[in-house]
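Spelled out from the first residue to the last, the chains are:
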Amino acid sequence: MNYKLFACDLDGTLLDDNSNVSTDNIDAIEQMTDDGIEFALCTGRTFYEIPQVLRELKSIRYIIYSDGSVIFDKKENKNIYEHYIDMPTLTGLYNLLSSYDTMIEFYENKEPKTDKSKLNFKSYQYFKIDENYIDVIDKTRIGIDDLSSAVDLFDKTELLNIFFKNEDERQDCFEKLKQFDNIIFTTSMSNNIEITASNVSKGSALSKLSELIGAKSDEVIAAGDSKNDLTMFEFAGLPVAAGNASDEIKSITKNTACSNNDSIVKYIYDNYIK
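The rules behind the values
Residues numbered from 1 in each chain as written. Predicted model: local features only at pLDDT ≥ 70, side-chain atom pairs only at ≥ 80, totals over all residues. Heavy atoms only, no water. Helix = DSSP H or I, 4+ residues; strand = E, 2+ residues; numbered from the N terminus. Rg over C-alpha atoms; globule rule 2.2 N^0.38 Å. Buried < 20%, exposed > 50% of the residue type's maximum accessible area, 1.4 Å probe, protein only. Contact = heavy atoms within 4.5 Å. Areas by Shrake-Rupley, 256 points an atom, 1.4 Å probe, with all protein chains shown as cover. Lys, Arg positive; Asp, Glu negative; His and termini not counted. Charge placed at Lys NZ, Arg CZ, Asp CG, Glu CD. Pairing = 2+ DSSP bridges. Axes fitted to C-alpha atoms, helices over the stretch in contact; angles between N-to-C directions. Parallel < 35°, antiparallel > 145°, perpendicular 65-115°, else oblique. Nonpolar A, V, L, I, M, F, W, Y, C, P; charged D, E, K, R; others polar. Salt bridge = Lys/Arg side-chain N within 4 Å of Asp/Glu carboxyl O. Patch = residues over 30% accessible without salt bridge, like charges linked within 9 Å, V, L, I, M, F, W, Y side chains within 5 Å. Arc of directions from axis to C-beta. Phe/Tyr/Trp six-rings, centres within 6.5 Å; stacked < 30°, edge-to-face > 60°.

Caption draft 1: The arrangement of the overall build of the protein chain in detail. The helix and strand tally for the protein chain stands at 11 helices and 13 strands. Over its C-alpha atoms the protein chain spans a radius of gyration of 18 Å, differing by no more than 12% from the 19 Å that the globule rule assigns to 274 residues. With the C-alpha coordinates of the protein chain rotated into their principal frame, the extents come out at 50 × 35 × 35 Å. Put simply, the protein chain has 274 residues, and 54% of those count as buried. Partitioning the intrachain contacts of the protein chain with sequence separation of at least 6 by distance along the chain shows that 61% fall at a separation of at least 24. Counting only carbon and sulfur atoms, one obtains 42% of the accessible surface of the protein chain, whose full area is about 12100 Å². Counting 29 positive and 48 negative side-chain charges, the protein chain places the averaged centre of each group 2 Å from the other.

Pasting the structure below:
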């Protein structure tokens, strides 16, 4: 098969456990683009959470971020697709989410914004945030003094990321979110929920990008490790799970690569493309 597009998740896939990208992965990205395969990032992170080396890598033209809410074209320096959560829905969601013991993050216009009082190590421990992700939070989050008052000003909210202290509350919230007709929600960590506008997902954005560049689904590779990658796997002709993914994810893709700590893009290039 001659592939035209490779969409790759970041955390747990392209990035290692320390949120770094290996030289081997970068070399493989450059090699496949030389071969005529478009390489696109497809992440739950918002734009400025993405490591600078990847944002600036010339071999990467397209970036799908915030779980598919936005597709950014680096060559044209503009968004070619965007879908935000509307204000009435955003207000209703905030009222629900703030009734739980949570740390609520607004991925707003490329930047993650949250309650300033919760941007500290004690809070990260309290919400059981993965220690490998703490450095990302410290470097990228914008603290808001009065988050409840700021919500009315957020008119480009791509995604809500919510960390829960209590698993029972998280499960209860999952059920109550079903009352909202114009959102979808997923998870990428054991303690979070990610919410986007309806009809937004990594898979829908990947489908849109494929249409724009003239790639059929069977000409698309998708690599990932979490539940928020499932829609991407459903669309791609060749879905590949990272070796560190759960057995549930691996059973869906039927294809498994090495772990995220072992240069997964190089592995897929060597074993499925070259």
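Having seen the model, we can carry on.
Caption draft 2: Focus on the sheet that holds strand S13 (residues 238–241). Taken together, 7 strands build an open sheet; the order of strands is S5-S4-S3-S2-S1-S12-S13 and the sheet is mixed. Both edges of this open sheet fall to strand S5 (78–82) and S13, since each of them pairs with a single strand only. With strand direction ignored, the average angle separating the axes of adjacent strands in the sheet is 20°. By the bridge criterion, 4 bridges tie strand S2 (residues 38–42) to strand S3 (residues 60–65) in an arrangement that is parallel. For Phe39, the partnering residue across the bridge sits in S3 and is Ile60.

Caption draft 3: Structural detail: the packing of helix H1 (residues 23–34) against helix H11 (residues 264–273). Between H1 and H11, whose axes approach to 7 Å, the crossing angle comes to 45°. As judged from the angle between their axes, H1 and H11 are oblique. Facing Asp24, Asn25, Ala28, Ile29, Gln31 and Met32 of H1, the residues of H11 in contact are Ile264, Val265, Lys266, Tyr269 and Ile273. Of the residues contributing to the contact of H1 with H11, the split by class is 7 nonpolar, 2 polar and 2 charged.

Caption draft 4: Spatial organisation of the sheet that holds strand S11 (residues 192–197). Taken in spatial order, the 6 strands make up an open sheet running S8-S7-S6-S9-S11-S10, and their pairing is mixed. Looking along the sheet, the strands with just one partner apiece sit at the ends: strand S8 (142–144) and strand S10 (183–186). The mean inter-strand angle of the sheet, taken between neighbouring strand axes irrespective of direction, is 25°. Of the strand pairs in this sheet, strand S7 (residues 111–115) and S8 are connected by 3 bridges, and their pairing is parallel.

Caption draft 5: Focus on the environment of Glu248. Tracing the backbone through its elements, the reader meets Glu248 in helix H10 (residues 247–253). Residues Glu248 and Thr186, spaced 62 residues apart in sequence, show a C-alpha to C-alpha distance of 15 Å.

Caption draft 6: Spotlight on the pairing of strand S6 (residues 102–108). With 7 of its 7 residues buried, S6 lies for the most part within the structure. Alternating residues of S6 divide into Thr102, Ile104, Phe106 and Glu108 and Met103, Glu105 and Tyr107, and every residue in both groups is buried. The pairing of S6 with S7 spans 4 bridges and is antiparallel. Along S7, the bridge assignment pairs Glu105 with Thr114. Remark: 2 residues form the turn of the hairpin made by S6 and S7, two consecutive strands paired antiparallel; Asn109 in that turn has positive phi of roughly 50°.

Caption draft 7: Broad picture of the pattern of salt bridges. Taken as a whole, this structure holds 14 salt bridges when the rule is applied. Put simply, Lys178 and Glu175 hold a salt bridge, and the shortest N to O gap is 3.2 Å. Classification of Lys178 by relative accessible area gives exposed; the value is 53%. Two residues, Asp229 and Lys202, come together in a salt bridge whose shortest N-O distance is 2.6 Å.

Caption draft 8: Inspection of a negative patch on the surface at higher detail. Residues Asp24, Asp27, Glu30, Asp34 and Asp35 make up a contiguous surface patch of negative charge. Looking at where Asp35 falls in the secondary structure, it is placed in the loop between H1 and S2.

Caption draft 9: Summary view of H11. Among all positions in H11, only Ile264, Val265, Ile268 and Tyr269 are buried. End-on view of H11: buried residues confined to an arc of 140°, all on one side of the axis. Where H11 is buried, its residues meet strand S1 (5–8), H1, S2, strand S12 (220–224) and S13.

Caption draft 10: Molecular detail of the packing of aromatic side chains. Scanning all chains against the criterion turns up 9 aromatic pairs. On the basis of an interplanar angle of 45° and a centroid distance of 5.2 Å, the ring pair of Phe6 and Phe39 is categorised as tilted. Of this pair, Phe6 sits in strand S1 while Phe39 sits in strand S2, placing them 33 residues apart in sequence. By relative accessible area, which is 0% here, Phe6 ends up buried.

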